[in-house]
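Here is how the chains run, residue by residue.
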There are 2 protein chains.
Amino acid sequence: MSNLSYAVVGSGAIGGYYGGKLAHAGQEVHFLLHSDYAQALQQGLRVDSVDGNFCLQKPNIYRSTEDMPQADVVLVGLKTVNNHLLPQLLRPLLKADTHIVLIQNGMDMEADLSEVLPHQPIIGAMAFICSNKVRPAHIRHLDYGALTLGCHQWVDERKLSLIADDFTAAGISVSMDPDLHTARWKKLVWNIPYNGLTVVLGSTTDQLMNHPQSRTLVRQLMEEVIRAAQTCGAQIDSDFADQMMSNTDQMKPYKPSMLLDFEHHRPMEVDYMYDRPIRRAAAHGAAMPLTQMLAWQLRFTESKNQTAP
Amino acid sequence: MSNLSYAVVGSGAIGGYYGGKLAHAGQEVHFLLHSDYAQALQQGLRVDSVDGNFCLQKPNIYRSTEDMPQADVVLVGLKTVNNHLLPQLLRPLLKADTHIVLIQNGMDMEADLSEVLPHQPIIGAMAFICSNKVRPAHIRHLDYGALTLGCHQWVDERKLSLIADDFTAAGISVSMDPDLHTARWKKLVWNIPYNGLTVVLGSTTDQLMNHPQSRTLVRQLMEEVIRAAQTCGAQIDSDFADQMMSNTDQMKPYKPSMLLDFEHHRPMEVDYMYDRPIRRAAAHGAAMPLTQMLAWQLRFTESKNQTAP
């Protein structure tokens, strides 16, 4: 276990889980909390996990990053709908060599952050996990949990290795992907069909897989994303859609994060998960008509959802 | 007013309205009824219309076409989901020169019927009407009502002219379209976006028009249908989508027939309204990816709806 200090920005289903695992393993972790602060102060930060439940009784918690110590590593578990807040949230936490790990879904989060922090080390992380926040400061981890890390800019390889070791020591399966761009697109091959369709069609993943026409649509969306990714230079094998279909067939019935956001009347990650890949693909001459239609349907559905009682 | 006798097969929102108007004007009309028979026998056939309410006190009603007299003209107001029943339903009504008028939405209904009745005169009719059945044998006519007639095969021009005159005398605005193929496609330019999207997105027409992304999607679907139609040889001007958007902006908030079918857990007309035009366009080399996606979503939605409590 390293002597790196960690800060967690966005301590929900993702940040709370990964930060919680590190802290539970003895790592120094500081958590930024907002609405969950009072609950975490009273009862700690609780993680009910298929790998064993635990509760951090006295976590290091803060209401503002202004009050937090600078960190060697910042784990960002915010929803991307809040990424416009990141520059301001992060500044108090940063030393020159603080590594920022964006554990988020979508495309271009690293590039956007790089525009305001061009000299800061930035790592992208893909979380392959089923987890959600069931109550304030109370996370339920249902399945999986592996992290894939990829470098965006200025990453110190020695430090990256320490971070990976810390996660491993905390019981998280970690792998490195030397091609973050491809890794982001690969995650989208799953995220684009399942997040959007479960919201628009009001269903879980297994329902989509068990009906022939929705199954075909999932598959067509995957293939469209793969074609767009390949046009943008990502290295994705032609059998990758088969793998994703097969993996999903083996999953328990699941509500993707966007469906949970929808059900809780929260903003959905349409921008980074749909608009950005569509825009990037278009810039390379690849159209994504089905993905675009799904994104439009999501915007309409979100607008109805937010005005609903 | 002619001395033509009319039979109405499918006496719901469409057949009940148009047949009812003819009968109310004094034309000889015989109605086939199923679930509404008892109600019509007791209380007549009632039409509440923006153009004036009326009730046929003693309509000629039947439970089976076997019991009906042969007719000069058969108006078919069935939903196309029941078109497989047409050959059997129609045979008892047909003389050699009986003209069959299909007042239905979609593509290829005439061609399908022609396969089993290759020598029978067949007319296609497009109804531009907002009407629905609110109770058994009780139709509410909300807006519009014009009929467009086009010949499919073997039509006697003199008889067609008499039919048009009968409708006109009954207060129905009738126009002739010498190009039924184009007229069917033009109707689909409206039907494909609004029917499917109101079901999948759980909305009325005005909600789709008032949100920028769904409005864009409606427009994109219209343009896809127009491109497919043009590839199939239909004559549609490039500003037709503008006209349809503008007409819909001026309509009252409206639930298209497919949304009403969905809300009442009835089968939806996905085959003739989506699958057939997609198949026809594909045969001419035109892809309809957005329409196809909408059709797949409708099939999934229908299946969920039918298994719902």
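Residues numbered from 1 in each chain as written. Chains lettered and ligands numbered in written order. Predicted model: local features only at pLDDT ≥ 70, side-chain atom pairs only at ≥ 80, totals over all residues.

**Student:** How would you sum up the overall build of chain A? Please name residues and give values.
**Tutor:** A tally of regular secondary structure across chain A gives twelve helices and ten strands. Computed over the C-alpha atoms, the radius of gyration of chain A is 19 Å, within 12% of the 19 Å expected from 2.2 N^0.38 for a compact globule of 309 residues. Taken along the three principal axes of its C-alpha coordinates, chain A extends 50 × 40 × 35 Å. Buried positions account for 50% of the 309 residues belonging to chain A. Pairs at least 24 apart in sequence give 72% of the contacts found in chain A among residues at least 6 apart. (Helix = DSSP H or I, 4+ residues; strand = E, 2+ residues; numbered from the N terminus. Rg over C-alpha atoms; globule rule 2.2 N^0.38 Å. Buried ≥ 20, exposed ≤ 12 C-beta atoms within 10 Å, placed from the backbone. Contact = placed C-beta atoms within 7 Å.)

**Student:** Let's hear about the nonpolar core: which residues, and what values?
**Tutor:** Core analysis: the biggest nonpolar cluster contains 186 residues, and V74, V76 and V101 of chain A together with V74, V76 and V101 of chain B have the highest contact counts within it. Setting aside its immediate chain neighbours within four residues, V101 of chain A contacts V73, V74, L75, V76, I123 and A125 of chain A. (Core = buried A, V, L, I, M, F, W, Y, C linked by C-beta atoms within 7 Å.)

**Student:** Before we move on, could you go through unusual backbone geometry and cite the residues and values that matter?
**Tutor:** For H265 of chain A, which is not glycine, the phi dihedral falls at a positive 55 degrees. Positionally, H265 of chain A belongs in the loop between α10 (257-263) and α11 (270-283). Judged by the 12 C-beta atoms lying within 10 Å of it, H265 of chain A is exposed. For A137 of chain B, which is not glycine, the phi torsion reads 60 degrees and is therefore positive. Within the secondary structure, A137 of chain B is located in the loop between β8 (122-135) and β9 (138-153). The class of A137 of chain B is buried, set by 28 C-beta atoms lying within 10 Å.

**Student:** Which residues make up the domain arrangement of chain A, and what values go with them?
**Tutor:** All names here are of chain A. You can read the domains of chain A as domain 1 (5-178) and domain 2 (182-307). Using only C-alpha atoms to locate each centre, domain 1 and domain 2 end up separated by 24 Å. Each partner contributes residues to the interface: domain 1 has 16 residues there, and domain 2 has 16 residues. Contributions of two or more residues to the side of domain 1 that touches domain 2 are made by β8 (122-135) and β9 (138-153). Considering every element that reaches the side of domain 1 that touches domain 2, the biggest residue donor is β8, with four residues. Class assignment for the residues of the side of domain 1 that touches domain 2 results in five nonpolar, seven polar and four charged. (Domains from an automatic or database assignment. Nonpolar A, V, L, I, M, F, W, Y, C, P; charged D, E, K, R; others polar.)

**Student:** Give a detailed account of the confidence of the model for chain A, specifying residues and quantitative values.
**Tutor:** For chain A, the average pLDDT comes to 96, and 99% of its residues sit at 70 or higher. Scored as a complex, the prediction yields pTM 0.95 and ipTM 0.93. (pLDDT = per-residue confidence, 0-100.)

**Student:** Can you explain the pairing of β8 of chain B? Please cite residues and give values.
**Tutor:** Residue and element names in this part refer to chain B. With four bridges connecting them, strand β7 (residues 94-103) and β8 associate as parallel partners. Each bridged residue has a counterpart across the sheet, and for I100 the counterpart in β8 is I122. Pairing of β8 with β9, which is carried by 13 bridges, proceeds in the antiparallel orientation. The residue of β9 that forms the bridge with K133 is I139. Once β8 ends, the chain turns through two residues before running back antiparallel as β9, passing A137 with a positive phi of about 60 degrees. (Pairing = 2+ DSSP bridges.)

**Student:** Could you give me a rundown of the packing of helix α6 (residues 180-200) of chain A against α11 of chain A, with the residues and numbers involved?
**Tutor:** All names here are of chain A. Interhelical geometry of α6 versus α11 gives an angle of 115 degrees and a closest axis separation of 10 Å. The two elements α6 and α11 meet at a crossing, and its hand is left-handed. Here L188, N191, I192 and N195 of α6 come into contact with α11, specifically with M273, Y274 and P277. For the contact of α6 with α11, the residue count by class is five nonpolar, two polar and no charged. (Axes fitted to C-alpha atoms, helices over the stretch in contact; angles between N-to-C directions. Left-handed = near helix turned anticlockwise from the far one by under 90°.)

**Student:** Explain the relation of the copies chain A and chain B to me, and be specific about the residues and the numbers.
**Tutor:** Comparison of the two chain copies shows a relationship of rotation about an axis with a shift along it. Rotating chain A by 180 degrees about the axis while translating it 0.0 Å along that axis superimposes it on chain B, leaving an RMSD of 0.0 Å. Taken together, the rotation and translation relating the two chain copies correspond to the operation of a two-fold axis. Closest approach to the rotation axis within chain A is made by the C-alpha atom of L290 of chain A, at a distance of 3.2 Å. In this assembly, 100% of the residues forming the interface of chain A have copies in chain B that are likewise at the interface, indicating an isologous arrangement. (Least-squares fit on C-alpha atoms with pLDDT ≥ 70 in both.)

**Student:** I'd love a proper account of the interface of chain A and chain B, names of residues and values included.
**Tutor:** Taken together, the 18 residues of chain A in the interface contact 18 residues of chain B. When residues of the side of chain A that touches chain B are traced back to their parent elements, those giving at least two are α8 (212-231) and α12 (289-307) of chain A. Among the elements that line the side of chain A that touches chain B, the one with the most residues is α12 of chain A, at ten residues. By residue class, the composition of the side of chain A that touches chain B is eight nonpolar, eight polar and two charged.

**Student:** Give me the environment of I236 of chain A: which residues, what numbers.
**Tutor:** All names here are of chain A. As for its position among the elements, I236 is in the loop between α8 and α9 (240-250). Judged by the 16 C-beta atoms lying within 10 Å of it, I236 is partly exposed. Contact partners of I236, with chain neighbours within four places excluded, come to T182, W185, K186, I226, A229 and Q230.

**Student:** So what's going on with the environment of A7 of chain B? Which residues, and what values?
**Tutor:** Residue and element names in this part refer to chain B. With respect to the element layout, A7 can be found in strand β1 (residues 5-9). Put simply, A7 and L90 are 83 residues apart on the chain and 9.7 Å apart in space, counted from C-alpha to C-alpha. Ignoring sequence-local partners within four residues, the contact set of A7 consists of H30, M68, A71, V74 and L93.

**Student:** How would you sum up helix α8 (residues 212-231) of chain B? Please name residues and give values.
**Tutor:** End to end, α8 of chain B covers 29 Å across 20 residues, agreeing with the expected 28 Å (1.5 Å per residue, within 8%). The inward-facing, buried residues of α8 of chain B contact α12 of chain A together with α6 (180-200), α7 (205-210), α9 (240-250), α11 (270-283) and α12 (289-307) of chain B. (Expected span 1.5 Å × (residues − 1).)

**Student:** Before we move on, could you go through α8 of chain A and cite the residues and values that matter?
**Tutor:** When α8 of chain A is considered as a whole, its buried residues turn out to be Q213, S214, L217, V218, L221, M222, E224, V225, I226, A228 and A229 of chain A. Buried residues along α8 of chain A sit in contact with α6, α7 (205-210), α9, α11 and α12 of chain A together with α12 of chain B. G233 of chain A occupies a position one or two residues after α8 of chain A and carries a positive phi of about 95 degrees.

**Student:** Report on the packing of α6 of chain A against α12 of chain A, specifying residues and quantitative values.
**Tutor:** Residues and elements named next belong to chain A. One way to put it is that α6 packs onto α12 with a least axis distance of 10 Å and a crossing angle of 40 degrees. Considering the angle they form, α6 stands oblique to α12. Pair α6 / α12 crosses with left-handed handedness. Between α6, through I192, G196, L197, V199 and V200, and α12, the contact on the second element is made entirely by T291, L294, Q297, L298 and T301. (Parallel < 35°, antiparallel > 145°, perpendicular 65-115°, else oblique.)

**Student:** Requested: an account of the environment of F167 of chain A, with residues and values cited.
**Tutor:** Residues and elements named next belong to chain A. With respect to the helices and strands, the residue F167 is situated in helix α5 (residues 157-169). Since 24 C-beta atoms lie within 10 Å of it, F167 is described here as buried. Taking the C-alpha atoms as reference, F167 lies 18 Å from P121; in sequence the two are 46 residues apart.

**Student:** Outline the pairing of strand β6 (residues 71-76) of chain B, supporting the account with residue identities and numerical values.
**Tutor:** Residues and elements named next belong to chain B. Within β6, five of the six residues are buried, leaving the element largely enclosed by the surrounding structure. Relative to β6, β1 is paired through four bridges, and the arrangement is parallel. From the neighbouring strand, V8 faces β6, where its bridge partner is L75. Bridge analysis of β6 against β7 gives five bridges, and the strand direction is parallel. Note that in β7 the partner of V73 across the bridge is H99.

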